[in-house]
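Chain by chain, the residues run as shown.
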Amino acid sequence: MGLKVEQALHMVGGTGDTSYASNSRLQEKAIYQMKPVLTTTIEEMYKELLLEHMVVVDLGCSSGSNTFIVVSQVLNIIVELRHMMEMKKPLEVQFFLNDLPGNDFNYVFQSLDKFKKKVEEEIKRELLVPYYVVGVAGSFYGRLFPCTSVHFFHSSYCLMWLSQVPEELENEQGILLNKENIYWTETSSPQVAKAYREQYKKDFSTFLRSRHAELNIGGGMMLTFLGRRKKTPEHGDLCHLWRLLAEALNLMVLEEIIPEEKFNAFNLPIYGPSLEEVKSIIHHEGLFDLDRVEIFESSWDPFDDSEDDSFDLSYYTKSAKNVTDCIRAVVEPLIVHQFGDAILDDLFARYKQNVLKHLLKEKANHTILVIALKKRV
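Residues numbered from 1 in each chain as written. Predicted model: local features only at pLDDT ≥ 70, side-chain atom pairs only at ≥ 80, totals over all residues. Heavy atoms only, no water.

Participant: Would you mind showing me how to read unusual backbone geometry here?
Facilitator: Comment: phi is negative for the bulk of residues other than glycine, and the bulk of peptide bonds are trans. Positive phi outside glycine occurs at Thr148, with the angle close to 50°. Since its relative accessible area comes to 41%, Thr148 is described here as partly exposed. Even without being glycine, Glu256 reaches a positive phi, approximately 60°. (Buried < 20%, exposed > 50% of the residue type's maximum accessible area, 1.4 Å probe, protein only.)

Okay, here's the thing in structure tokens:
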């Protein structure tokens with residue numbers, strides 16, 4: 001039975017050094033970079049529907065300052081548009097923040113008053129529309145809201161997570177097919193590649209059908225997630241990032257720090273699809289029109305905004321730490337679920353060294369896919 005994400009997946013909570021709140025600049029950069037797409041999508045929807053009550057859902061909201069960026073952006077877009085249109089018709093906006101039950105919702109809502117004060121400082125009180133923020137715990141690989149009750153779904157850095165580890169990574173005889181790996185890599189068998197592809201297809205199809213039922217006529221979605229440019233694993237894609245972690249785990253097996261059987265049974269519930277795969281599933285389901293598509297690259301190091309790759313050793317050492325902190329904030333709960341927490345500092349110290357060696361050879365980037373969809377009637 002493959003691990004289901006509700007059992008273990010959530011970002012590291014709180015505000016400590018290893019928390020997601022302290023190590024989520026990579027995700028923050030993507031949200032700001034995609035603001036123009038969000039603006040166009042929201043403006044077109046509002047002009048068409050001229051709503052009095054708008055429902056906006058952020059799927060996979062996590063915790064930390066990023067949680068409220070999209071809320072703030074949507075409010076600003078609506079306020080500026082209504083001002084430009086000289087719109088006097090009243091409008092209220094309901095925001096639902098969704099994530100899995102293990103998410104640190106306490107931190108999210110402890111931060112809400114601070115966010116509201118910031119919004120009131122940025123937007124003139126007479127222009128600010130009434131808005132309400134509510135949390136919704138549950139997997140987006142299934143229904144979350146009543147039929148035709150939502151106008152806009154947003155999701156950033158979430159749809160590469162699967163609903164579970166593919167069950168087909170273990171054959172009918174109980175033989176594990178992805179030993180010494182924790183994800184699909186260039187050394188994985190065709191059966192492993194197929195298992196991940198089929199799980200993604202199943203999950204994304206379920207996601208599209210669920211959101212189509214929940215969206216109102218004229219509603220849409222903007223989805224941003226990690227993917228890949230090539231048909232098979234290539235440099236810079238997720239497989240290389242996770243291969244370095246697998247190498248650190250494997251070394252700890254050889255040193256008898258962790259049991260070999262636990263390592264061989266550990267696989268990540270994650271998949272970076274190609275744009276062709278995403279388009280194919282959307283076309284097959286026939287529920288949405290694909291309005292916009294963008295692909296861009298973002299450095300593994302969330303603090304690296306440069307195009308240059310000629311730096312000294314101290315720079316790369318710092319960069320390796322940045323990458324490690326970012327990955328730890330995301331994957332630590334899954335590691336703890338499988339191996340316990342005693343190995344964490346040792347594991348990520350080894351991982352940092354692996355990342356450093358990789359960065360000294362070549363600069364590494366994530367491939368990020370952005371799609372805007374509109375519901376078909």
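Read on, since the account is not over.
Participant: Could you clarify how one ought to interpret helix H9 (residues 275-285) in this entry?
Facilitator: One turn of the α-helix equals 3.6 residues, which is why residues spaced by three or four share an orientation. The set of residues buried in H9 consists of Leu275, Glu277, Val278, Ile281, Ile282 and Glu285. Along the long axis of H9, the arc covered by the buried residues comes to 165°, so they all point the same way. The exposed set on the far side of H9, more than 90 degrees from its buried face, consists of Glu276, His283 and His284. Residues of H9 that are buried sit in contact with helix H6 (190-214), strand S5 (215-227), strand S6 (288-299) and strand S7 (365-375). Looking one or two residues past H9, Gly286 carries a phi angle of roughly 65°, positive in sign. (Helix = DSSP H or I, 4+ residues; strand = E, 2+ residues; numbered from the N terminus. Arc of directions from axis to C-beta. Contact = heavy atoms within 4.5 Å.)

Participant: Just to check I follow, could you spell out the nonpolar core for this structure?
Facilitator: Nonpolar side chains in soluble globular proteins tend to end up buried together. Among the nonpolar cores identified, the biggest contains 121 residues, and Phe204, Phe207, Trp242, Leu245, Leu249 and Ile335 are the most heavily contacted of them. When residues no more than four places from it in sequence are discounted, the contact partners of Phe204 are Tyr141, Leu159, Leu223, Val278, Ile281, Ile282 and Ile371. (Core = buried A, V, L, I, M, F, W, Y, C linked by side-chain atoms within 4.5 Å.)

Participant: Honestly, the sheet that holds strand S3 (residues 131-137) in this entry has me stumped. Any pointers?
Facilitator: Each strand in a sheet pairs with its neighbour through backbone hydrogen bonds, running either in the same direction (parallel) or in the opposite one (antiparallel). Taken together, 7 strands build an open sheet; the order of strands is S3-S2-S1-S4-S5-S7-S6 and the sheet is mixed. Looking at the sheet topology across the chains shown, the edges are occupied by S3 and S6. Strand-to-strand, the axes of this sheet are offset by a mean angle of 15°, without reference to chain direction. Pairing analysis gives 4 bridges linking strand S1 (residues 53-59) to strand S4 (residues 150-156), with the strands arranged parallel. What sits directly across from Val56, in S4, is Phe152. Where H9 meets the sheet, it contacts S5, S6 and S7, and its direction lies at approximately 165° from that of S6. (Pairing = 2+ DSSP bridges. Axes fitted to C-alpha atoms, helices over the stretch in contact; angles between N-to-C directions.)

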